[in-house]
Structures are given as structure tokens and as C-alpha cells.
Amino acid sequence: MKKLSKKKIIAVMTVILITAMLMTSCVKLPFPGGKGKTSPEPSQTITETASPVQDPTATPKPDQSQEPTATPVETQTQAPTPTPTPTPTATPAPTATATPTPTATPTPTPTATPAPTATPTPTPTPTPTPTATPTPTPTPTATPTPTPSAAPFGIGNAYASGPKEVTVEFSAPAQAGAQVVLKTGGINVTGTSLNWASDRRSVRITRTAAYAAGEYTVTVSDSSKTFTVQAEKLTAISITAQYVFPMDNQDLKVVFTNQYGGEMPLTAYTNFTLSAVCQAKPSVTLNLNKTAAGFILKGAQGLAANDAVNIVIAENTTGTAVTKSVTLSESPKITTFAFGQVQLASGTTVILVNSSGHSLTVDAKDQYNQAYTIVPSDIGLNKPVILTSNDSAIIDASKITVANGKLNFPIGAIGAKEGTVTLTAVGQNISSSIQITVKTPAAVKTLTITGVEGTVFVNQWVPLVVTAKDQYGNPTTLDTLDPTKLMMFSTNTTVVPNTNIQFNGATKKIEIKGNSSGSATLHISYDGITQGTLDVQVLEAPVPTYITDVTMPIYYQKNSNIIMAADMLKIADQYEKEIALTPAHSVIVTSSNISGAKFTEGTMTGAGYTMSAPATSGSYTLTFTLKKGASTVNTYDMTVLVVDDDKIVSYKIEDIPTMYGGATDTTTDTGHWKPIKISGLLANGKSVNLAYTGTLPSGIDQITCTNDSGANNFVIEDVSGVKTLKAQNVAQTMTTTIKLWKAGQEIANLNVTASGAAPTLTHLAATEPTVTKALSGGVFNITAYVDAKDQYGVPMAFAAIAGSKTFMSTKTSVAVVNSTGIVTPVATGTCQIKIYFASADKTLAINLTVN
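Residues numbered from 1 in each chain as written. Predicted model: local features only at pLDDT ≥ 70, side-chain atom pairs only at ≥ 80, totals over all residues. Heavy atoms only, no water.

> Before we move on, could you go through the sheet that holds strand E37 (residues 569-573) and cite the residues and values that matter?
Read from one edge of the open sheet, 3 strands run E34-E37-E38, paired in antiparallel fashion. Since the sheet does not close on itself, it has two edges, and those belong to strand E34 (544-550) and strand E38 (578-579), each with one partner. Two elements, E37 and E38, share 2 bridges in a ladder whose sense is antiparallel. When the sheet's bridge partners are listed, Ala-572 is paired in E38 with Glu-578. (Pairing = 2+ DSSP bridges. Helix = DSSP H or I, 4+ residues; strand = E, 2+ residues; numbered from the N terminus.)

What follows is the structure in C-alpha cells.
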């Protein structure tokens, strides 16, 4: 390229400068006040020149402002005056050093062509640069883009952005997996969650609980920042109620705002100065009260619409206050009405005839298009809404009441007729209807009897296996069976008399009882419709027939004792079913040995007797004879062994469950003391019944218990000749260790826990499944049949059970019961006597048969 002479360069520059001045005289610069300046400051010149370069007449690229060297190249190609192309190439370098004060004229030429814009840059005339090739020069200047990515990572700011939120901002995106540690007082803040921004240039550290006021330090990737968290405080109070009416008890819908712009609970502050005044009617006393629900305006019912009430709410500790003049609006009134949903009474699934307790929701609005709660004055004749029914025998609309914003169906509103009724609500611009179906209660309609629940024995009531369906064809229970509609007769009244077929109102089952063994066919009908037949076989009543087992020790220490009670026996009836001894039966125990020595003989009836082992070791035969009266029914032999003391090699303490230890002393036997039962063990591991009455068993010198608390919470004393563990003054739970000693050597131990929890009724049952009494037998006390135990498994006397007891009879036509449990039979039949224990919220039902 041909090099221009210095004179030619000056000439070109002069032409450009004159052209720019002419253009300046035609364009008004946008300086303040609308007056242009002829000599703008250099900084203004540089700023403004960027706009003219973007003029539509030019062709620079959008990023021309970042690469000024490219600007002259493109403008020069469009400018006809400076024909030599090298001239614009010189402009890039001057633009980079742009300090030409005199060339401010390009700035006011936003609509000018790019050629004049390039003129300010040549003024510095850095000729060495123009001679260089233009392309290499802009390339280095256009590479500032890598610089931002090289910015170092650090925490730019950290601050509390909410009472439960801290925001941390970074100078560059945080790396994935960056560790965030928040501390206060040198201790890590726990219970936090991290919420990262999508660009990872910030993170929110949130908690479920508010941050305590104080100084905090957050550390992220070796960068730390310390900041201060202020306690949440009230900064603004707002009254947001859209309407206030001439009514009492109105919530002003006050909102508390904290320093973060978030809403605070109204319970956060309690010290307020409150005022509500109507200056136009000073005689009307208004009160503004703060309650748990909000700020309630009272007394406004004495005002009228368009009255103004001045309200002041000031929180005294922060000084935050709001003053607002509220103009009362016309009281709300119902303008729209629509039936909502039927809400059934508790425990029901349908609306039944003659039922009550149901309700009907209402969707209503007032003249302000707000939800409206209906009141009794809204519904009825000569009122805004009139209810009608197309069949008053099903539902009588005039008896529907209003309460709690609902339509309610009290007793009498639903009649005795089943069917579907249409309720209609009418009024000014109001028309709504709903259909409601009323049904008769489901009741037994058909019966299917398929058998009996077990074997039918003479003189025993046995339930039949029955399934039932109601009038709608749905399976149902026998609770709704009408005994007067049930008819059954037997083909063999000797085996099953017709009077021995009944519906048990207590158990809700159909039962039969045989008078003698044999077979019979039962014909059953209900509500005049035959339900089928049933063949039954009656067997002789079961009686104790033979002894199958006796649960007692096999090995005995010399002179050791054991209580022989009926509960040690297992007896079967003639059908090989287990059965208990009847009052007519007894078991006699006899003993034999070749030496002539014997175990103590006696009768295992009722509480039984104490049997002592002989002082002679050896094998003995015990014979258990089952008797009915004086007649022998069955015998059972059992071999037991008496061992010498030296055969007992070790000892074991039987487990003791958790015992009651809350008594203040151990002087009275409450039934919670635990006898320490000890067994001896032979070399083969067999257990030996020890001589343990009035003294310790042979082979044991001492029995002790620990008291880790330092107090005598546990003591061991003799009770009827047996070492017994007692606990006292235990508040919660304590554990003791019982230890057996021989010649100063511990030979066995057992840990026992005692609780201070007072005995409460836990187990409740009847001692007999069905109590049978003769009508002529007179009164009796039902409490005699109550089996009550506490949580320690100890029987509770009825009178000792805390709290009130309520006695009830399910059928007073059969038997009545008074407030102390005395039952008086009234007629033959069945019922239940129920006892409600208030302290335990438990009910015991005892079946009673009067014959």
C-alpha cells in the first residue's frame, strides 16, 4: 500500500473536521436544559460517540463498542471522501487511546454517517500505529472475554434475608459439592437446609426455627464472611379488612410485618395501645381488643353505614403503629344462595326415617360478593330465603333450623315416610333445589341357618350358625332381628322342646338347648316366611371322666412341702375334651412306698391341701382317684422321687415379673409382695422341690438383695415361713439383685424390677361366661363374678378399684340392677349386666340367664 505524505494526511483531516463542524451546526445536542454545548468534556465525547457509530447508515457489528479498531475499517469503506484505505486503519489505535478533547463534535451526530464518527480519533495522530496492518491490531484488543471467568471465587456478601433464612452471595459460581459451614459463637448451626441458585452464585441457608440474634460466620470453599443477625422485630402494622360494618365483634384482619417484609404471628407482641373512636357519634362506645384470633372491634352495631371510625393500633415496645380512618359499609345481607352438601349425623351412613342430627351446608354470598354465613333471620316465611318441600311427610321444611351457618334437621324435621324429597330455596334472585333420600332402617328380612356352633349337649344353650340379609338384600347382623317375628318348632320335643329355642338379646344369637340325648328337626320361619329346616343331634352333657395329667414336681427334698390344688389337674370328659372339676366331683391323693413312708394324703378339691414329702429318700407312687360323690370314676398313678440333700448341686431363683414398689412402707401386705421361690437342681439339670417353710432350704445360708440408691427400697422378710421380696418408696423404676449365699459364696442371683406407677385396672373379665340364676333364687351381687387385675397381674378387690362404677341391665324386663351391683331377676330370659369403670374407661358385660 502506498504511503501517504504528511501534507496529504493533514489535508484529509482538515476536510473531515470541516464536515463534522457543519454537521454539528445542524444537530441539537441533548444537553440538560435542551441547550447544546459546543465543547463537551472528553468523557462525554467518548460516551456519545458510541451511539453515532450504531447509526443505521453505518455497517458496524453490534460488538463494535468492544472492538473500536474495527469501527474505522467499516466506516472508511463507506466514506467516499477518504479514498485511501490506509487512513481508516490508523483510526483503531487512536480510539483505544481516545483522549481527543477537540473532537467532541462527533458526539452530537447520532444520525450522521459513520465517516465523521471516525474523525475524532485521528486527532492524536499516533502515526506509528496506522502504518501497522489493521487486522492484527484489533485482535489483541478484542480478547477481554476470558477475563471474567478468571475472577477468583469468594463470598461477596452474607446477610439474614428472613427470620429463618440466611443468604450468601459469591463473586463467582460455587463448585458442585462445595461445603457450606455456618457457625455462631464457634459452634456449628444445625438443622439447616441449602437452596442453591441455578447459577450457583448464591445459596440460601434455611432453618425450621428462627435464627437467634448474634454474630455468625459462614465459610464456603475456604472463603469466610462474618455478619450479624438481628432478632425478628415488628416494622409495620396493617389493617387489611376490606369492609367494616355496623356490627359487633368484627375482625379488622390486622397483619404484622417484620424487617424482612414477611408476615409475623399476631401472638408475637402483647403490649399495645388501642383506640377506636367515631368522632361524629362520640356517645357510641367502641372498643378494640386484641385476642388470640386478631384485633376485634366491638360496639360498632351502634353506628350506621358511612360513619367513619378512627382506629389506632400502636405496639409499645417497638413504637410501630398504624392509624386508619375506616368508613363503615352497609351491613352484609344475603344475595345469593345455593344448597351445598348433606352432612350425615355421626355414626350414620344414610338418612333414616325419624332420624335427626343431619345438616346441609349452604354456599351463600352477600352484596359484596363475599362468602356469607346464613343466620336464622335469613331463612323462613317473610324472610330473604323461603324453604319448601314437595313432601312434608318425608321432610318438613318448616322445621329445618339454622345454626353455625348450616341448615339443620332436628327431631321432627325428618318424618316417618321413606322416599326422595326435593327441597327448594326461593327468594329475590334466588332459586336452588336439592334432592334428599330418606330410608327406613335396615332390618333382618331373611335368615339362613346352616348348623350349630359346636356340639349340642343336654342342658347347654348352643348358638346356631345364622346369616341374615336386610330388606335391601345386603348382609346384616342379627341386631335388628325382631324376636316376635321368629317362629321355630321341633319335630322331637323330648329332645329339643319348642321352649328351648330362643333369640338371645344379649348375645344377638339364636340358641337351642337339648333336654335329652337324641335327634330332632327344627323348622324355622321369620316374618311369616319359611326360612328352612335344621337337623340337630343332642349328646349327653360332658362330665369329668378321667385324669390325663398332674402338673407337679417329680423330685422332692426331704420334708419339703407343696400345695396340692385342683388347678394342677388336667381332666377330660367322655368326649376327650378338657373339662374342669364339677362341684359333684373330687380327686383323692394317696401315697405308697416299700418302706411304709408316705407323702401327706388328702383331697384336691377347691383350694386343695399342703402335701409334705417324707424324710426317707426313695421312689414313691402317688395315686389320684377321680370320684363322683362316693363312686370312683377313674384313677391316675404318678411316680415321684425324694432325694438326699447331697444330690442337689445348684440352685435357681424363679423369675419375678415387674412388681409394684410405690408403697410408702412394707408393713401391710397389699398382694404385691413377691415370694422368693427357689428350686434345687440335680446334676442332670432336673428341678427339685425344696424344703422351704419356716427356714431356708438346706444348702442356702443367706438370701440378700441390693439397694443401689442407698435407701432401703427393697427388703426381704419372712411371710408365712417363705422369704418374700418387698419394695417401697420407688418413684419411677428401680432394679434389685436377689442373691443366694452358701458359706460366703454367691451361688445364684436374679434381677427384679419394681415400678412406682400406682396399680390401675388393666385386666377385666367375668369369672363365668354366663351366670345362670333361678327366677326364684332372689337377688345376688354381680360383683362376685368380676375378675379384675392390675398391670402387675395382682387381683384387685372390687371395692379397691378407683373411680366410680355404673351398673346397667340391657333388658330390665329380665333383670334389674341397682347402683351397688345387686341384681334382681324379674322374668325368665337372657340379658347382660354391664359395669362401666370410669377410672379405666372400661366396660364389662356379664351374660345372665334367668330360668
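Still to come is the rest of the account.
> Can you explain the side chain of Gln-250? Please cite residues and give values.
Mapped onto the elements, Gln-250 comes out in strand E10 (residues 250-251). For Gln-250, a relative accessible area of 9% gives the class buried. Among the polar contacts listed, one links the side chain of Gln-250 to the backbone oxygen of Phe-245, at a separation of 2.3 Å. Reaching out from Gln-250, the side chain makes a polar contact with the backbone oxygen of Met-247 at a distance of 2.7 Å. When near neighbours in sequence (up to four residues on either side) are disregarded, Gln-250 contacts Val-244, Phe-245, Phe-295, Ile-296, Leu-297 and Ala-300. (Buried < 20%, exposed > 50% of the residue type's maximum accessible area, 1.4 Å probe, protein only. Polar contact = N/O pair within 3.5 Å; in protein donor to acceptor, adjacent residues only side chain to side chain. Contact = heavy atoms within 4.5 Å.)

> Summarise the pattern of salt bridges; cite the residues concerned and give the values.
Applying the stated criterion to the full structure yields 13 salt bridges. The partner of Lys-445 in a salt bridge is Asp-527, and the shortest N-O contact between them spans 3.8 Å. A residue pair is termed long-range when its members are at least 10 positions apart, and Lys-445 in strand E25 (residues 444-452) and Asp-527 in the loop between strand E32 (518-526) and strand E33 (529-539) qualify at 82 residues. Take Asp-527: its relative accessible area is 34%, and that puts it in the partly exposed class. Its salt-bridge partner being Lys-509, residue Glu-453 comes within 3.3 Å of it at the nearest N-O pair. With Glu-453 in the loop between E25 and strand E26 (456-457) and Lys-509 in strand E31 (residues 509-513), this pair connects stretches of sequence that are 56 residues apart. The exposure class assigned to Glu-453 is partly exposed, which follows from its relative accessible area of 39%. (Salt bridge = Lys/Arg side-chain N within 4 Å of Asp/Glu carboxyl O.)

> Summarise unusual backbone geometry; cite the residues concerned and give the values.
At Ser-221, a residue that is not glycine, the phi angle is positive and equals roughly 50°. Inspection of the secondary structure puts Ser-221 in the loop between strand E7 (214-220) and strand E8 (223-229). On the basis of relative accessibility, which here comes to 39%, the residue Ser-221 falls in the partly exposed class. Here Asn-306, not a glycine, exhibits a phi torsion of approximately 80°, which is positive. Its place among the elements puts Asn-306 in the loop between strand E15 (295-298) and strand E16 (308-315). For Asn-306, a relative accessible area of 66% corresponds to the exposed category.

> Help me get a handle on the sheet that holds strand E24 (residues 430-438), residues and values and all.
With antiparallel pairing, 3 strands are arranged side by side in an open sheet as E20-E23-E24. Looking along the sheet, the strands with just one partner apiece sit at the ends: strand E20 (386-389) and E24. Sheet twist, expressed as the average angle between the axes of neighbouring strands with direction ignored, equals 20°. Bridge analysis of E20 against strand E23 (residues 419-427) gives 4 bridges, and the strand direction is antiparallel. Across the sheet, Thr-388 pairs through a bridge with Thr-424, a residue of E23. (Axes fitted to C-alpha atoms, helices over the stretch in contact; angles between N-to-C directions.)

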